[in-house]
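Chain by chain, the residues:
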Amino acid sequence: MPLTLTRPDLLRNANFIDGQWTPGPGALLTVTDPATGATITQVPDSGAAEARAALDAAHAAFPTWKKVPAKQRAHIIKRWNDLVLAHQDDLGKLISREQGKPLAEGKGEVAYAASYIEWFGEEATRMNGELIPAPVPGRRMFALKEPVGVVAAITPWNFPAAMIARKIAPALAAGCTVVCKPAEDTPLTSLALVLLAHEAGVPAGVLNIVTASREKTPEVVEVWLDDARVRKITFTGSTPVGKHLARRSADTLKKLSLELGGNAPFIVFEDADVDAAVDGFMAAKFRNGGQTCVCPNRVFVHDRVHDEFASKLSARVAALKVGPASDLASQIGPMINDRAVEKIARHVQDAVARGAKVLTGGQRLPGLGPTYYAPTVLVGADASMACSCEETFGPVAPLTRFATEAEVIAAANDTPFGLAAYFYSNDVRRIWRVADALETGIVGINEGVIAAEAAPFGGVKESGYGREGSTHGLDDYLHTKYLCQGQLD
Ligand code: SIN
């Protein structure tokens, strides 16, 4: 089915460097529809030269952009938000086409992305400093907030609009300039967003984007890692890559925000409202086909409610409609690529080989295409299984029974990751006890939908550091400068 956009020029095929669409090195990266494997278009497969040109532009633009009054930066960012919302249908179609999520979710993601842009447009005007009471006479002491400088943003494929928005909007709000490398699977939404940012009035050089394949990405990113002019890296992606970026940033001591892998537990206690827990689980787990860092990966259900939860959940999961974004009835789309489906299939096979039982799903859907996997519920999962230790990143729910609160807390925390956790309980004392005991950056309590622009999103342990969204999300792009003025007597 052809991609028909109200504004066809939102489909861009070039890098955006120093306010110009530039064609790149000649080599091309083919962008495909994960539902069919069909080519959508091609974009530059950039390398070191383009990375350097983008950085030169961002570095040259920084001294001017940081001096633009916050209110003016806020206006530009708010105009960007308006343009994004005005093109919600087109952007939603682009997201769904290159990423595979159902169209309703694609459009929903545009609204979600815009909520961050709007939020940071407003936050731009609240970069307040402090006047500190001086400990001696004749002095005035101040702490000012300043933009950190050039930011390199490396973004993932699972939310091609939202992840760009919640990195770039705070960077622009703070007065930073940006070089960005979007995920190789989903560069088109990012390029369209950059076009709209330019139309909103973001000046040349302030926001630069270069596209690159999986093979060429290291060449681009290494240029930015090596160069002391990049003062911050913001990255969402895997923990091994996050660790590499942290190691390589050490030589120039860049500031880092790392939103890395998760292994979220979802706990249903015996005092929970089971129907509410099933609803919350469906929302948390099956958004974007289970391809989110915060979606539950391990499901712990108390003995007393296990069978009720498992059967109600299986009925809901079996009823999910799987299909391409082009079918408006689809609730679960294709997975992003073959590697993703292979991992899911490996996790299910491993779980079954180790004694788990499939209640629903448990297989690929070749009739739909090679990137589809049936939404799956497993019972009898345990900590030895790959699906308990690694992030599956797909529509698989492995259920494990538990008997005591202490046992389930220990199991939930028994992972190097600490991004999100969820639990359902109606006991107010338990709610605070468990929320305190969970070693994660985010806890959903009787709630499966946790992300919002006003909330700090981020992890602990090997899920990374730094926060996106909220007032903390702006702080990550600022440093504090202390001024001490004497001789005032
Ligand atoms: C992510 O998967 O990295 C982000 C999910 C979200 O924003 O809810």
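Before reading further, recall that the structure is shown in the block above.
Residues numbered from 1 in each chain as written. Predicted model: local features only at pLDDT ≥ 70, side-chain atom pairs only at ≥ 80, totals over all residues. Heavy atoms only, no water.

Student: Can you lay out the sheet that holds strand 6 (residues 140-147) for me, pointing to particular residues and giving the numbers?
Tutor: What the three strands build is an open sheet, ordered 5-6-22; its pairing is antiparallel. Each having just a single partner strand, strand 5 (130-132) and strand 22 (478-485) make up the two edges of the open sheet. Strand-to-strand, the axes of this sheet are offset by a mean angle of 25°, without reference to chain direction. Strand direction decides the pairing type here: strand 6 and strand 22, joined by eight bridges, are antiparallel. Counterpart to Lys-145 in the pairing with strand 22 is Thr-480. (Pairing = 2+ DSSP bridges. Helix = DSSP H or I, 4+ residues; strand = E, 2+ residues; numbered from the N terminus. Axes fitted to C-alpha atoms, helices over the stretch in contact; angles between N-to-C directions.)

Student: I'd love a proper account of the sheet that holds strand 16 (residues 396-402), names of residues and values included.
Tutor: Reading across the sheet, the seven strands line up as 14-15-16-13-12-18-19 and stay open at both edges, with mixed pairing between neighbours. Of all the strands in the sheet, just strand 14 (357-360) and strand 19 (442-445) have a single pairing partner and so form its edges. Averaged over neighbouring strand pairs, the angle between their axes works out to 25° when direction is ignored. In the sheet, strand 13 (residues 296-302) pairs with strand 16 via four bridges, with the strands oriented parallel. Considered in strand 16, the bridge of Val-299 is made with Leu-399. Of the strands in this sheet, strand 12 (264-268), strand 13 and strand 16 are in contact with helix 13 (residues 405-413), which crosses strand 13 at around 170°. (Contact = heavy atoms within 4.5 Å.)

Student: Which residues make up the pattern of salt bridges, and what values go with them?
Tutor: Enumeration according to the criterion identifies 31 salt bridges in this entry. Here Arg-166 makes a salt bridge to Glu-259, at a shortest N to O gap of 3.3 Å. One end of the pair, Arg-166, is in helix 5 (residues 162-174); the other, Glu-259, is in strand 11 (residues 255-259), and 93 residues separate them in sequence. Residue class for Glu-259 comes out buried when judged on its relative accessible area of 4%. Among the ionic pairs, Glu-222 bridges to Arg-248, the shortest N-O distance being 2.5 Å. Taken together, the residues Glu-222 in helix 7 (residues 217-226) and Arg-248 in helix 8 (residues 239-249) connect sequence positions 26 residues apart. A single salt-bridge network, built from bridges that share partners, covers Glu-270, Asp-271, Glu-405, Arg-430 and Arg-433. (Salt bridge = Lys/Arg side-chain N within 4 Å of Asp/Glu carboxyl O. Buried < 20%, exposed > 50% of the residue type's maximum accessible area, 1.4 Å probe, protein only.)

Any functional reading would require information that these geometric values do not contain.
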